[in-house]
Structures are given as structure tokens and as C-alpha cells.
Amino acid sequence: MVSQDPACVFCKIIRREAPASIVDEDELTLSFLDIQPINPGHTLVVPKAHAASLAELGPSDGGRMFERAMAIAEMLRQSGLRCEGVNFHLADGKAAGQEVFHLHLHVIPRYVGDGFGFRRGPQSGRRAERDELDAIATRLRTGRAGH
Ligand SMILES: [Zn+2]
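All of the points below concern the structure found in this document. Because the structure is a prediction, the values reported are computed rather than measured.

## Structural notes on the coordination of the zinc ion
Each donor-metal-donor angle in an ideal tetrahedron of four donors is 109.5 degrees, and each such angle in an ideal octahedron of six donors is either 90 or 180 degrees.
Next, step 1: The coordination sphere of the zinc ion, as far as protein atoms go, consists of C8 (SG), C11 (SG), H50 (ND1) and H102 (ND1), spread over 2.0 to 2.3 Å.
Next, step 2: Taken together, the four donor atoms coordinating the zinc ion and their angles of 105 to 117° define a geometry best described as tetrahedral.

The structure is reproduced here in C-alpha cells:
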């Protein structure tokens, strides 16, 4: 069953009530070109069932999104568009850069010198100590702080 949010722009695209340049479609996902591409061929893979966040995304929808993103990466490599590499990017939450709250997986064709990249923050770059990493891994596994 496909649930739809009447105000959501991606749901409107899925219902064909808003324009999009469609690259791929199956029963669970729709893929279309990003209106503000990082590079030509930049594609968004979205679940047809409206999910604002990863917490709302069903595992089969998530798995299918990744499968279709893999297929689109191959399409980009075969397309003749400039594509020497591919990034997948998914933003879950405003702090992660999510702007449209219908979850989407970016498939971004890349080439040397395109100028795109992730910018590291001031806390990054330091090599972590093993005991610190082990404590965080324990915390993630158990859902609480280690000792
Ligand atoms: Zn939606």
C-alpha cells in the first residue's frame, strides 16, 4: 500500500501532479533527476510510500532504494555523461541537510575536478583511540553508555 502526503512535492511527482524527468520506476520506488543537480545526471531515488525519515522507512523500501540506486549508478556509467565515480548520499534530518521531508537517496555522478565534496568539521581528522572506539561501539550495541 502506498501512503501519500497531499502537500509533499515528491508525492506529487509520484502521482504525476508535478513535473519530473523520470529515470526509473518500479512498484516501490521512483527515480528522477534532481532539479538542482550537483553534476548532470544527478538522480534522486524515492520510496513511493511517503516516509519523512529513516525511522518511517520500511526495510523493503530501503533495500529497494539501494538496489535501484546501484542500477542507476550503472546507467550513469554507461550513459556517456561525465561519470568517473558515483556518490550515494542520504540526509536523515535537518541537521544532516535534509530539505525535502520525503526521504530520498541521491545518486551523484562524479569526476575528477568537479569541485564537489564533503567538508569536514572542526572535530574531524583526529585519529581516535581504540578504547574510545570500543566504548562507542559498546554503547551502540547495548543502547547505553559503557564504563
Ligand atoms: Zn511524500
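## Quick word on the pairing of strand 5 (residues 105-110)
Here is the key point about a regular strand: its side chains alternate between the two faces of the sheet.
Next, step 1: Extensive coverage of strand 5 is indicated by the burial of six of its six residues.
Next, step 2: Burial of the side chains of strand 5 extends over both faces: L105, V107 and P109 are buried on one face and H106, I108 and R110 on the other.
Next, step 3: Of the pairings in the sheet, the one linking strand 3 (residues 43-47) to strand 5 comprises three bridges and is antiparallel in character. In the sheet register, V45 faces strand 5, and the bridge partner there is L105.

## Here we look at the environment of G41
Next, step 1: Position of G41 relative to the elements: it lies in the loop between strand 2 (29-33) and strand 3.
Next, step 2: Note on G41: relative accessible area 14%, which makes it buried.
Next, step 3: For the pair formed by G41 and G58, sequence separation is 17 residues and the distance between their alpha carbons is 27 Å.
Next, step 4: With residues up to four places along the chain from it excluded, the contact list for G41 reads L33, L76, L81, V107 and P109.

## Points about the side chain of H106
Next, step 1: As for its placement among the helices and strands, H106 is situated in strand 5.
Next, step 2: Residue H106 is classed as buried on the basis of its relative accessible area of 14%.
Next, step 3: Here H42 takes part through its side chain, which lies 2.8 Å from a polar atom of the side chain of H106.

Definitions and cut-offs
- Residues numbered from 1 in each chain as written.
- Predicted model: local features only at pLDDT ≥ 70, side-chain atom pairs only at ≥ 80, totals over all residues.
- Heavy atoms only, no water.
- Donors = N, O, S within 2.8 Å, 3.2 Å for Na, K, Ca; no water.
- Tetrahedral: all angles 85-135°; square planar, octahedral: opposite > 155°, others 65-115°.
- Buried < 20%, exposed > 50% of the residue type's maximum accessible area, 1.4 Å probe, protein only.
- Helix = DSSP H or I, 4+ residues; strand = E, 2+ residues; numbered from the N terminus.
- Pairing = 2+ DSSP bridges.
- Contact = heavy atoms within 4.5 Å.
- Polar contact = N/O pair within 3.5 Å; in protein donor to acceptor, adjacent residues only side chain to side chain.

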